[in-house]
Each structure stands twice: as structure tokens, then as C-alpha cells.
Amino acid sequence: MVQLSQLVESLESSFRLSASEANSIGMSKYMKDHFSFFGIKAEKRKEIQRSWVKQIPKESPSEFRWELLKELFNKEEREFQYVAIDWLNTWDKKEISASDSQGIKWLITNKSWWDSVDSIASNFLGKYCQLFPDAGSELIEEWRFSDNLWLQRSCLIFQLKYKEKVNFTLLKSLIIQFQMDKEFFIQKAIGWSLRQYSKSEPEAVRKFVEEIQLKGLAKREAIKYI
């Protein structure tokens, strides 16, 4: 079986061959200088990762896959995290287990920013909560009372792709809980979650926005399609 270190080294070698210092400066500035970049544009990076993913042994043990994810997250350049998240989001249902909850939490709370958190929350976390509703409910109940901004935001947006299957009762309770929080990423998440649900249930969203007297950014986002 291919070694984990070999996989990481192989990806790093490919990234270094395609690195662009000029691009890296602009990409880092776009992310408020939170991260350094090789400077590889998305199209090229995805081309590299498609070839790289084929090197990962099929049906790898869960422990191996999570260890690989963490190794990629611990690397300095942001492209490593993008590859990790894109690969995570392709996992088949049979590769996901209820015990993955702590791994999800680790990814969301490490090197956290909107680009990584939003992709994990609206894809893998959303899928996880549908596959394991009881474990998912416990997770959201724990995270909503966390002091971590990104866990809170994840609670608000994990249902983004549920369409008409959104648990609106849960979403409403979360929005009421965070309604007065002035944090930009929380207000944006409130509006985003309602905007997405309004595509399926516009009247329900309109009524709720009026009922709780939602204001500002959250309201503007929520009623954008109504």
C-alpha cells in the first residue's frame, strides 16, 4: 500500500512545478493574508488533484483517509486544504461513518475561513447529517452553543443543499438564537440559509422574516429571490 508520506510528497511536487509567485501574492491578499499560496489557479489545481486522487488506494481504511486529510490541512499552502476538501466531498456514502463527527469538527476548526468552512459544511456535513440523523442532531445541538464562530456558521448553513427537505423548524430556532449576533459571517449565513430555502418555500421565508423582524444584511440576503 502506498505510504501516506508518499502521497503528500507527490502532491507537493506537482504543486511546486505549477507554482506562480505573481499569482500567490494576489491570492493571499484576496484571503486577507490569512494563508500563503503556491499561486495555482483553480482550473490547474483541479487538474493536478484529479491525477493525484487516482494514487489513493481504493477502499482505504477510514483511519488512513482521515490521517491523510489532516496531513494536507497541516501543510502551509492553501492549495493543500482545497485538495483535501474537494476529495472529502467526493466520498461515497459507504465511506462515511457516524464516528466521522470529530474529524469534521477538526477540519472546520483548523485553518478556518469562509472558503474551507462553507465547502465542508454545505457538502460533507450536510451529507453526514442526512446519513446519520441522530448523530447529526447531537452534533448541531452541541455546536450551536459553541464559542467557535465557524461551528456556529456551520449549523446555519449545513442544510443549504437540502432544498424542500430543510428542517425549517430547526433552522428557524438557530436563526432566532443568532439573530442579534453582529458578526458578519453569522448574519451572512442567516441570510444565505433563508435565501436558499426561499427557492423552495418563498412564502414561508417571507412570513418568518416579517415575524422575527429580521434586519440588515441578513434580511437583504434572505429576501433576494422573493
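Everything that follows concerns the structure shown earlier in this document.
By convention here, each chain's residues receive numbers from 1 onward along its written sequence. pLDDT decides what is reported in this predicted model: residues at 70 or higher carry local features, side-chain atom pairs at 80 or more are listed and counted, and totals for whole chains, interfaces and linings draw on all residues regardless. By convention in this description, side-chain values take in all heavy atoms of the structure and omit both hydrogens and water.

**Student:** Can you help me understand the pattern of salt bridges in this one?
**Tutor:** In a structure, side chains of opposite charge can pair up when their charged atoms sit close to one another. Any carboxyl oxygen of Asp or Glu within 4 Å of a side-chain nitrogen of Lys or Arg constitutes a salt bridge here. Evaluation of the coordinates by the stated rule reveals 13 salt bridges. When the shortest N-O distance is used, the salt bridge between Asp86 and Arg45 registers 2.7 Å. Separated by 41 residues along the polypeptide, Asp86 in helix α5 (residues 78-88) and Arg45 in helix α3 (residues 42-53) bring together distant segments of the chain. With a relative accessible area of 8%, Arg45 lands in the buried category. Residue Asp115 is joined to Arg78 by a salt bridge in which the shortest nitrogen-to-oxygen separation is 2.7 Å. Note that Asp115 is positioned in helix α7 (residues 114-131) and Arg78 in helix α5, a separation of 37 residues in sequence. To sort residues, take the accessible area from a 1.4 Å probe on protein chains only and compare it with the maximum for the residue type: under 20% means buried, over 50% means exposed, and anything in between is partly exposed. Classification of Asp115 by relative accessible area gives buried; the value is 12%. Through salt bridges with shared partners, a single network forms among Lys188, Arg195, Glu221 and Lys224. Going along the chain from the N terminus, every DSSP run of H or I of four or more residues is numbered as a helix, and every run of E of two or more is numbered as a strand.

**Student:** I would appreciate a short explanation of the nonpolar core in the present structure.
**Tutor:** Nonpolar side chains in soluble globular proteins tend to be buried together. Each nonpolar core is a collection of buried residues, namely Ala, Val, Leu, Ile, Met, Phe, Trp, Tyr and Cys, held together in the definition by side-chain atoms within 4.5 Å. One finds Leu68, Ile104, Leu156, Ile190 and Leu194 to be the most contacted residues of the largest nonpolar core, which totals 70 residues. Contacts are assigned to residue pairs with any non-hydrogen atoms lying within 4.5 Å of each other. Ignoring sequence-local partners within four residues, the contact set of Leu156 consists of Leu171, Leu174, Ile175, Phe178, Ile186, Ala189, Ile190 and Ser193.

**Student:** What should I look at first to understand helix α4 (residues 62-73) in this one?
**Tutor:** Since the α-helix turns once every 3.6 residues, residues separated by three or four places project in the same direction. Multiplying 1.5 Å by the helix residue count minus one yields the expected span of that helix. Helix length check: α4 (12 residues) gives 17 Å between terminal C-alpha atoms against 16 Å at 1.5 Å per residue, within 8%. The complete set of buried residues in α4 reads Phe64, Arg65, Trp66, Leu68, Leu69, Leu72 and Phe73. Where α4 is buried, its residues touch α1 (4-17), α3, α5, α6 (101-109) and α7.

**Student:** How do you make sense of the packing of aromatic side chains when you look at a structure like this?
**Tutor:** Note on aromatic pairs: each is described by the distance of the centres and the angle between the planes. The pairing test for Phe, Tyr and Trp rings, Trp by its six-membered ring, is centres within 6.5 Å, and the orientation test on the planes gives stacked under 30 degrees, edge-to-face over 60, and tilted for anything in between. Under the definition given, this model contains 18 aromatic pairs. Ring plane angle 65 degrees and centroid distance 5.6 Å describe the contact between Phe38 and Phe80, whose orientation is recorded as edge-to-face. Residue Phe38 is found in the loop between α2 (21-30) and α3, and its partner Phe80 is found in helix α5; the two are separated by 42 residues along the sequence. An identical accessibility class is assigned to Phe38 and Phe80; each is buried. Considering the side-chain rings of Trp113 and Phe185, the 5.3 Å spacing of their centres and the 70 degrees angle between planes classify their relative orientation as edge-to-face. Residue Trp113 is located in the loop between α6 and α7, and its partner Phe185 is located in helix α11 (residues 184-198); the two are separated by 72 residues in the primary sequence. Overall, the relative accessible area of 13% leaves Phe185 in the buried class. A connected cluster of aromatic rings, assembled from ring pairs, spans Trp66, Trp87, Trp91 and Phe124. In our convention, an over-ring charge means Lys NZ or Arg CZ found within 6 Å of a ring centre and within 35 degrees of that ring's normal. Seen from the ring of Trp91, Arg65 lies directly overhead, with NZ or CZ sitting 4.3 Å from the centre. Positioned over the ring face of Phe35 is Arg78, at 3.6 Å from the centre of the ring.

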